[in-house]
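Given next are the chains, with one letter for each unit.
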Amino acid sequence: MAEESKVTLYGYWPSPFAKMVEIALKLKGVPYEYVEEDLTNKSQMLLSLNPVHKKVPVLVHNGKPIAESLVILEYIDETWKNGPQLLPMDPYKRAQVRFWASFVQQQLQDSMIKVAMTEGEAREKLVEEAYEKMRLLDEGLKSFFPDGNPSIDTEHLGLLDVVFVSFFGNHKVHEEVLGFKVIDPEKTPLIHCWLKALLDLPLLKETLPPHDKMVAFIKFINESALKSSTA
Amino acid sequence: MGEEVKVFRTWSSPFALRVVWALDLKGIKYETIYEDLSNKSPLLLQYNPIHKKVPVLLHNSKPIAESLVILEYIEDTWKHRPLLPQDPHQRANARFWIKFGEDKVFPAVRDSLLKQGKEQEEAHEAALESFKLLEEELKGKKLFGGEEIGMVDIALGWLANLVSVLEEVLVLKFIDEHKFPLLSAWMRLFADIPVIKQSWPPRDKLVTKYIAIREARLATN
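The structure presented is a predicted model; accordingly, all values stated were derived computationally and were not measured.

> Kindly report on the overall build of chain B, identifying the contributing residues and their values.
When its secondary structure is counted, chain B shows 10 helices and four strands. Helices and strands in chain B line up, N terminus first, as β-α-β-α-β-β-α-α-α-α-α-α-α-α. By the compact-globule yardstick of 17 Å for 221 residues, chain B fits well, its C-alpha radius of gyration being 18 Å. Each of the 221 residues in chain B was classed as buried or not, and the buried ones make up 53%. Across chain B, every contact between residues at least 6 apart in sequence was considered, and the portion connecting residues at least 24 apart equals 70%. Looking at chain B as shown, the accessible area adds up to about 10400 Å², and 54% of this sits on carbon and sulfur atoms. In chain B, 31 side chains carry a positive charge and 32 a negative one; their mean positions are 2 Å apart.

This is the structure in structure tokens:
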């Protein structure tokens, strides 16, 4: 492969933002080099590739860096035409995908982080807010799965599938650490079925971080965060 | 052509203005529906049940919410007078700066308005840091989109009139001509483009609005 067309992904194994990009590259069958960054000790390379945010993921293609996970996903979709189309052709359907992808990545993720960072009574209210947002997504999913049955194969995965599985594929980890049923089959039945169908796909299951490794990591992060917020 | 395009907005929402500008630049005809956010219409609640906010674009009876999602929809639907570059890497760069505007610039400026004391100082500082990066990005260009307005200019366009309003309301400098010569020049250039100029909300009403917002917020603290 010519040096110019080489693809490199700078990531961090627990990051759902980096995971999204990994999954997208695999779906499209794009050969790439993966560079694991230690975010507590960022490499000079990362700092020079993403000077604005100094974060992962960064995708480098044709010698040029692209940052911001959703921006990278759109770039991948526009550049490599093999594999599933991450965004549909129809403008209205594209808008729906973009709307919900942003909702998952910002609103839902925000709610989960708030729950993780809070203890006691205040936490209950935040858990309820998180459920409310999940319910909104569940409702929204009806337009994607009109017959109520999300059956998915890798040839037809889309951007929203990739985003959601990256954030919530390890939901059992979050449930174990946070002590509440993040994906409740009664509260959000469609999300529950959808996630189950996604996790049945070997490509996704294998790309997500292993359960125990993730539990240990999240526990460590939560403890550090709580310590620093009460210090 | 018989396409039905409607824009739900308020007189002053900077997010709704983005949609107005994009449609006006592409010469799309639309009907405007002004909302009173203290008394939201049933239609608005029906079309944007998740966030219950403006702007909402209605096209052939289908609603789209979230201003940046709407901008991409407008770009996907009406392909003349493109707002994004053709090249995928340049498109990614444009989207990067749009996101930067949303995630870094806007919250810092908003918090400068809504907070006081040390929190306001920190927000103001963060805003200045974000302007430095915008200044860098403008090097060699007169507009973020190059020679013509692009989606980045539209997404950041709220700076071009709100900054001076907030500088008056807060008695705080944000974009100093000497510190940010390129950004200042961009703001003047953008604000004067006819399609943009014709849609600025009245300045005195904006000053009144933001003074009231700040007072209300500080009173609840």
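> Mind laying out the interface of chain B and chain A, listing which residues take part and the relevant values?
Contacts between the two partners involve 24 residues from chain B and, on the opposite side, 25 residues from chain A. Here chain B packs against chain A, burying approximately 2200 Å² in sum over the two surfaces, 69% of which is carbon and sulfur. Three residues, Ile50, His89 and Phe96 of chain B, lead the burial of chain B against chain A; their summed loss comes to 27% of the area buried on that side. The interface formed by chain B and chain A includes seven salt bridges.

> Hey, could you go over the packing of aromatic side chains for me, with residue numbers and the actual values?
The tally for this structure, following the rule as stated, stands at 23 aromatic pairs over all chains. A ring pair is formed by Tyr12 of chain A and Phe217 of chain A, whose centres lie 6.1 Å apart and whose planes are at 75°; its orientation type is edge-to-face. Residue Tyr12 of chain A is found in the loop between strand S1 (7-11) and helix H1 (16-27), and its partner Phe217 of chain A is found in helix H10 (residues 211-230); the two are separated by 205 residues along the sequence. Look at Tyr12 of chain A and you get buried, because its relative accessible area is 18%. We classify Phe217 of chain A as buried; its relative accessible area is 18%. Here a set of aromatic residues connected by ring pairs shows up, and it is made of Trp21, Phe144, Trp186, Phe190 and Trp200 of chain B. The side chain of Lys205 of chain B reaches across the aromatic face of Trp11 of chain B, ending 4.3 Å from its centre. One cation-aromatic arrangement involves Lys209 of chain B over Trp11 of chain B; the distance from NZ or CZ to the ring centre is 5.9 Å.

> Break down the sheet that holds strand S3 (residues 58-61) of chain A for me, citing the residues and quoting the values.
Residue and element names in this part refer to chain A. Here four strands make up an open sheet; going across it, the order is S2-S1-S3-S4 and the pairing mixed. The open sheet has two edge strands with one neighbour each: strand S2 (33-36) and strand S4 (64-67). Direction aside, neighbouring strands of the sheet carry axes that sit 20° apart on average. Two elements, S3 and S4, share four bridges in a ladder whose sense is antiparallel. By the bridge assignment for S4, Leu59 is matched with Ile66.

> Lay out a positive patch on the surface in plain terms, naming residues and giving numbers.
A cluster of like positive charges, contributed by Lys42, Lys54 and Lys55 of chain A together with Lys104 of chain B, occupies part of the molecular surface. Mapped onto the fold, Lys42 of chain A is located in the loop between S2 and helix H2 (44-49). In this structure Lys42 of chain A comes out as partly exposed when scored by relative accessible area, which is 32%.

Analysis parameters
- Residues numbered from 1 in each chain as written.
- Chains lettered and ligands numbered in written order.
- Predicted model: local features only at pLDDT ≥ 70, side-chain atom pairs only at ≥ 80, totals over all residues.
- Heavy atoms only, no water.
- Helix = DSSP H or I, 4+ residues; strand = E, 2+ residues; numbered from the N terminus.
- Rg over C-alpha atoms; globule rule 2.2 N^0.38 Å.
- Buried < 20%, exposed > 50% of the residue type's maximum accessible area, 1.4 Å probe, protein only.
- Contact = heavy atoms within 4.5 Å.
- Areas by Shrake-Rupley, 256 points an atom, 1.4 Å probe, with all protein chains shown as cover.
- Lys, Arg positive; Asp, Glu negative; His and termini not counted.
- Charge placed at Lys NZ, Arg CZ, Asp CG, Glu CD.
- Buried area = accessible area lost by both parts, 1.4 Å probe.
- Salt bridge = Lys/Arg side-chain N within 4 Å of Asp/Glu carboxyl O.
- Phe/Tyr/Trp six-rings, centres within 6.5 Å; stacked < 30°, edge-to-face > 60°.
- Lys NZ or Arg CZ within 6 Å of the ring centre and 35° of its normal.
- Pairing = 2+ DSSP bridges.
- Axes fitted to C-alpha atoms, helices over the stretch in contact; angles between N-to-C directions.
- Patch = residues over 30% accessible without salt bridge, like charges linked within 9 Å, V, L, I, M, F, W, Y side chains within 5 Å.

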